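Each chain is listed here by its residues.
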Amino acid sequence: MTVPSFEEMWAELLPVGRSAASGGYRRFAWNSADAECRAWFEQQARGRGLAYELDRNGNQWAWLGDPTAGGAVVTGSHLDSVPDGGAFDGPLGVVSSFAALDELRSRGAEFTRPLAIVNFGDEEGARFGVACIGSRLTAGVLSPEQAYGLRDADGVRLPDAMEKAGYDPTAIGADEDRLARIGAFVELHVEQGRCLAEGQPVGVAGAIWPHGRWRFDFHGEANHAGTTRIEDRRDPMLTYANTVLAARKKAKQAGARATFGKVAVEPNGTNAIASLVRGWLDSRAADERTLTELVEAIERAAAERGERDGVRVELTRESYTPVVDFDGPLRDRLAKLLDAPVLPTGAGHDAGILASAIPTAMLFVRNPTGVSHSPAEHAEQADCLAGVAALADVLEDLACQ
Ligand code: GLV
Ligand code: MN
Ligand code: MN
């Protein structure tokens, strides 16, 4: 059986969902680019003689061995992207998983446990606002009712989007039986913070910072941009702008992160004062107390400024992921096997969601600039191939003895 090499798989995926204008990817849950990525995954699975399976939550699986035998070793990542994302965040883990399996087969490895490769659906949450929807549903940390309530920017409900793409939304929900069959999950991912030095292609994850998304609704009063006196205005844009500045200052003071990267304005006219500004805050910190205090401080700053501007501020927490400490024995085993450093990260991952249910670990592949969630995201090919070799060593260690 001839299977495509890492480079060939990479080249196949590269044009899928890429915007000619920005060079970034627009692979969002249940859109046509997502469907192409999913078709690609199924083709890779079947082309290798693996048993292809789509689970109730829209995650794709490729099995070697009996999925019901128990103690399975699972690897994989996701194929969706943030708006105008890079090529590596997600796909590197999926492509490397297939390449690592090919490497193990060419080594003549004998598997003593079932092995699976997974593509988790909607990891980035670009369309419905909540990240890691596929793994959250599976782990039961997002209920079907919560998922049914999600809408995209055009008002399309998540179950309707799923149904339109040909999937059954009535079956979503916690999948304990599936998780009970997994002995370990290892996700390979491009590193996102310039934490690996040159000549150090691979790291092992230690912990994921707690993080969440909060929506600020700034309610003001629409009025004429030319005729409304400055002192008569209730301009929510002003409160929003000051909140962005406060978030930046307070995050810096706390050694944490606070980002307003998405904003929606109503009615969004050049010559009208806005009636409503919605700003989404993504905030993260090394520990939960710092994160809670930071978000509270930003909320207070918004409310105080709102008082002055005659603007009412409403805050909604849209998602939250507590701190993740990866399984200690598994982390130490991988770090020793690969002689690799252990790194914390401020980025969220499906591995972080599954970590509360099963032993989970992550490998990071060096990113020379640290740039991610951008078309400029990059990893050198030699480092990617070192990542494949490292993942093959890890899978051999976990699934072949
Ligand atoms: C996912 O990449 C996240 O950290 O938001
Ligand atoms: Mn990402
Ligand atoms: Mn990712």
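Not measured: the values here are computed from a predicted model. (Residues numbered from 1 in each chain as written. Chains lettered and ligands numbered in written order. Predicted model: local features only at pLDDT ≥ 70, side-chain atom pairs only at ≥ 80, totals over all residues. Heavy atoms only, no water.)

A look at the site of ligand 1
Then, number 1: If you check the shell around ligand 1, you find Glu124, Arg284, Ala347, Gly348 and His373 and nothing else.
Then, number 2: Residue Glu124 places a side-chain N or O atom 3.1 Å away from an oxygen atom belonging to ligand 1.
Then, number 3: Note that an oxygen atom of ligand 1 is positioned 2.7 Å from one of the backbone N or O atoms of Gly348.
Then, number 4: Coverage of ligand 1 by the protein chains reaches 93% of its 190 Å² of free accessible surface.
Then, number 5: Under a 2 Å grid-point criterion requiring more than half of the atoms, the pocket assigned to ligand 1 is the largest pocket.
Then, number 6: Across the shell around ligand 1, the residue classes tally to one nonpolar, two polar and two charged. (Near = heavy atom within 4 Å. Polar contact = N/O pair within 3.5 Å; in protein donor to acceptor, adjacent residues only side chain to side chain. Areas by Shrake-Rupley, 256 points an atom, 1.4 Å probe, with all protein chains shown as cover. 1 Å grid on protein atoms, 1.4 Å probe; cavity = no way out; pocket = protein on both sides within 12 Å on 5 of 7 lines; lining within 4 Å. Sits in = over half its atoms within 2 Å of the grid points. Nonpolar A, V, L, I, M, F, W, Y, C, P; charged D, E, K, R; others polar.)

What to know about the coordination of the manganese ion (ligand 3)
For a metal bound by four donors in a tetrahedral arrangement, the ideal donor-metal-donor angle is 109.5 degrees, while six donors in an octahedral arrangement ideally sit at 90 or 180 degrees.
Then, number 1: On the protein side, the manganese ion (ligand 3) has His78 (NE2), Asp89 (OD) and His189 (NE2) as donor atoms, found 2.0 to 2.2 Å from it.
Then, number 2: A spacing of 3.6 Å is found between the manganese ion (ligand 3) and the manganese ion (ligand 2), which share Asp89 as a donor. Placement of Asp89 in the loop between β3 (72–78) and α3 (91–106) and of His189 in strand β5 (residues 182–190) is noted, with a sequence separation of 100 residues between them. (Donors = N, O, S within 2.8 Å, 3.2 Å for Na, K, Ca; no water. Helix = DSSP H or I, 4+ residues; strand = E, 2+ residues; numbered from the N terminus.)

Let's talk about helix α8 (residues 236–254)
Then, number 1: In a regular helix each residue adds 1.5 Å, so 19 residues correspond to 27 Å; α8 covers 26 Å between its end C-alpha atoms and thus fits that length.
Then, number 2: Three or more residues of α8 are buried, namely Pro236, Thr239, Tyr240, Thr243, Ala246, Ala247 and Ala251. For α8, the angular spread of buried residues about the axis comes to 125 degrees, placing them on one side. Relative to its buried face, α8 has exposed residues pointing more than 90 degrees away, namely Leu245, Arg248, Lys249, Lys252 and Gln253. (Expected span 1.5 Å × (residues − 1). Buried < 20%, exposed > 50% of the residue type's maximum accessible area, 1.4 Å probe, protein only. Arc of directions from axis to C-beta.)

As for the coordination of the manganese ion (ligand 2)
Then, number 1: Distances from the manganese ion (ligand 2) to its protein donors, Asp89 (OD), Glu124 (OE), Glu124 (OE) and His373 (NE2), fall within 2.0 to 2.8 Å.
Then, number 2: Counting the intervening residues between successive donors of the manganese ion (ligand 2) yields the motif D-x34-E-x248-H.

Quick notes on the packing of aromatic side chains
Then, number 1: For the structure shown, the criterion picks out 13 aromatic pairs.
Then, number 2: Taken together, a centroid distance of 6.1 Å and an interplanar angle of 80 degrees make the contact between Trp61 and Phe120 edge-to-face. In this pair, Trp61 sits in strand β2 (residues 60–64) while Phe120 sits in strand β4 (residues 115–120), placing the two residues 59 residues apart along the sequence. The two residues Trp61 and Phe120 agree in class, both being buried.
Then, number 3: Ring geometry for Phe218 versus Tyr240: centroids 5.9 Å apart, planes at 70 degrees, classification edge-to-face. With Phe218 in strand β7 (residues 211–219) and Tyr240 in helix α8, this residue pair connects regions lying 22 residues apart in the sequence. The two residues Phe218 and Tyr240 agree in class, both being buried.
Then, number 4: Through a chain of ring-to-ring contacts, the aromatic side chains of Trp61, Trp63, Phe120 and Phe185 assemble into a single cluster.
Then, number 5: Arg38 extends its terminal NZ or CZ atom over the ring of Tyr167, reaching a point 5.3 Å from the ring centre.
Then, number 6: Sitting over the ring of Trp280, Lys262 keeps its end group 4.5 Å from the ring centre. (Phe/Tyr/Trp six-rings, centres within 6.5 Å; stacked < 30°, edge-to-face > 60°. Lys NZ or Arg CZ within 6 Å of the ring centre and 35° of its normal.)

Structural notes on the environment of Met237
Then, number 1: With respect to the element layout, Met237 can be found in helix α8.
Then, number 2: Counting along the chain gives 162 residues from Met237 to Thr75, while the straight-line C-alpha distance between them is 45 Å.
Then, number 3: Excluding its chain neighbours within four sequence positions, the residues that come into contact with Met237 are Val265 and Val277. (Contact = heavy atoms within 4.5 Å.)

Section: unusual backbone geometry
Then, number 1: For the bond from Glu266 to Pro267, the omega torsion is 0 degrees, close enough to zero to count as cis.
Then, number 2: Secondary-structure assignment places Pro267 in the loop between β9 (257–266) and β10 (272–273).
Then, number 3: Of note in this structure, Arg194 is not a glycine but carries a positive phi near 55 degrees.
Then, number 4: Residue placement: Arg194 occurs in the loop between β5 and β6 (202–208).

Describing the domain arrangement of the protein
Then, number 1: The domain boundaries assigned to the protein delineate domain 1 (6–209 + 323–399) and domain 2 (211–321).
Then, number 2: Taken over C-alpha atoms, the centre of domain 1 sits 33 Å from the centre of domain 2.
Then, number 3: Of the residues lining the interface, 13 residues belong to domain 1; the matching set on domain 2 comes to 13 residues.
Then, number 4: Buried area between domain 1 and domain 2, summed over both chains or domains, comes out near 1,100 Å², and the portion from carbon and sulfur atoms is 46%. (Domains from an automatic or database assignment. Buried area = accessible area lost by both parts, 1.4 Å probe.)

Regarding the side chain of Arg136
Then, number 1: Counting through the fold element by element, Arg136 comes out in helix α4 (residues 133–139).
Then, number 2: Buried charge without a partner: Arg136 forms no salt bridge, and the closest opposite charge is Asp350, 7.5 Å away.
Then, number 3: A polar contact is formed between the side chain of Arg136 and the backbone oxygen of Ala131, at a distance of 2.7 Å.
Then, number 4: Those residues in contact with Arg136 that sit more than four places away from it in its chain are Val130, Ala131, Val141, Leu142, Tyr320, Thr321 and Ile353. (Lys, Arg positive; Asp, Glu negative; His and termini not counted. Salt bridge = Lys/Arg side-chain N within 4 Å of Asp/Glu carboxyl O.)

Observations regarding the sheet that holds β9
Then, number 1: With antiparallel pairing, four strands are arranged side by side in an open sheet as β9-β11-β7-β12. Each having just a single partner strand, β9 and β12 (312–321) make up the two edges of the open sheet. Sheet twist, expressed as the mean angle between neighbouring strand axes with direction ignored, is 20 degrees.
Then, number 2: Bridge analysis of β7 against β12 gives nine bridges, and the strand direction is antiparallel. Each bridged residue has a counterpart across the sheet, and for Arg213 the counterpart in β12 is Ser319.
Then, number 3: Along the sheet, α8 makes contact with β7, β9, β11 (276–284) and β12, crossing β9 at roughly 170 degrees. (Pairing = 2+ DSSP bridges. Axes fitted to C-alpha atoms, helices over the stretch in contact; angles between N-to-C directions.)

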